[in-house]
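Structural overview for review
Read off the chains here:
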Amino acid sequence: MADAGMGFGGGFGGVQTDMQQQMPQQTLPTILCCLCGVPVVANPSNMCANCLSSQVDITEGIPKSLFLTWCRNCERYLIPPKTWVTAALESRELLNICLKRVKGLNKVKLVDAAFVWTEPHSRRVEVKI
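Below is a summary of the structure that appears in this document. Fair warning: this is a prediction, and the values are worked out from it, not measured in the lab.

**Remarks on a nonpolar patch on the surface**
Together, Leu52, Val56 and Ile58 line one region of the surface with nonpolar side chains, adding up to about 270 Å² of accessible area. Within the element layout of this structure, Ile58 appears in the loop between α2 (49-55) and β3 (76-79).

**Some thoughts on the pairing of β3**
Two elements, β3 and strand β4 (residues 83-86), share four bridges in a ladder whose sense is antiparallel. By the bridge assignment for β4, Leu78 is matched with Trp84. Where β3 folds back onto β4 in an antiparallel hairpin, the turn is made up of three residues.

**Looking at the environment of Cys48**
Tracing the chain through its elements places Cys48 in the loop between β2 (39-41) and α2. Classification of Cys48 by relative accessible area gives buried; the value is 10%. Sequence spacing of Cys48 and Leu35 is 13 residues, and the spatial spacing of their C-alpha atoms is 8.4 Å. Every residue in contact with Cys48, bar those within four places of it in the chain, is listed here: Cys33, Cys36 and Val40.

**Describing the nonpolar core**
One recurring pattern in soluble globular proteins is that nonpolar side chains are buried together. Counting twelve residues, the largest nonpolar core consists of Ile62, Tyr77, Ala87, Leu94, Leu95, Ile97, Cys98, Leu99, Val102, Leu105, Ala113 and Phe115. For this core, the element with the highest residue contribution is helix α3 (residues 92-101), accounting for five residues. Contacts of Leu94, omitting those with residues within four sequence positions, involve Leu68, Tyr77, Ala87, Ala88, Leu89, Phe115 and Val125. With five residues, the next largest nonpolar core counts Val40, Met47, Cys48 and Cys51 among its residues.

Rules and cut-offs
Positions within a chain are numbered from 1, following the residues in the order the chain's sequence is written. Only residues with pLDDT of at least 70 get local features here, since the model is predicted, and only at 80 or more are side-chain atom pairs given and counted; chain-wide, interface and lining totals rely on the full set of residues. Only hydrogens and water are set aside when side-chain values are computed; all heavy atoms of the structure are taken into account. What makes a patch is a set of residues exposed beyond 30% relative accessible area and free of salt bridges, joined within 9 Å when like-charged and within 5 Å when nonpolar (Val, Leu, Ile, Met, Phe, Trp, Tyr). Using a 1.4 Å probe, accessible areas were evaluated by the Shrake-Rupley method; residue-level cover was limited to the displayed protein chains. Each reported salt bridge corresponds to a side-chain nitrogen of Lys or Arg within 4 Å of a carboxyl oxygen of Asp or Glu. Only DSSP runs of H or I reaching four residues or more are called helices, and only runs of E reaching two or more are called strands; each is numbered from the N terminus. At least two DSSP bridges between two strands are needed for those strands to be called paired. Remark: exposure states derive from per-residue accessible area (1.4 Å probe, protein chains only) relative to the maximum for the residue type, with buried under 20%, exposed over 50%, and partly exposed in between. Note on contacts: a residue pair is in contact if any heavy atoms of the two residues lie within 4.5 Å. To define a nonpolar core, start from buried Ala, Val, Leu, Ile, Met, Phe, Trp, Tyr and Cys residues and group those joined through side-chain atoms within 4.5 Å.

What follows is the structure, encoded as structure tokens:
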């Protein structure tokens with residue numbers, strides 16, 4: 001049984017609808033980067049992504065290092081003001097403790113966080129954010 005004039009795929013078969021005919025094609029304006037001169041789509045800073053990343057420090061106001069208090073006897077970490085939590089090295093729990101201690105992370109979008117390997121005898125815990 002054939003559909004009356006509908007064809008396959010719902011009946012529009014290559015014919016533009018009224019909405020498609022009324023919408024004009026919009027092209028975004030292209031400008032030159034104010035520092036290097038590369039053509040880019042216009043944006044509020046008038047810079048390309050490379051120049052923008054070299055000129056703007058999004059980590060400003062976020063501390064680069066902090067101290068964790070660790071008990072050698074019970075091998076637990078202090079969550080201020082007075083809670084002690086057991087967490088294995090390079091575990092999710094320890095990463096969560098470290099990230100909660102970093103002030104200013106709410107100002108930026110956190111995409112990825114992971115531990116950076118350090119010497120086994122080192123007392124340093126490094127996190128790459």
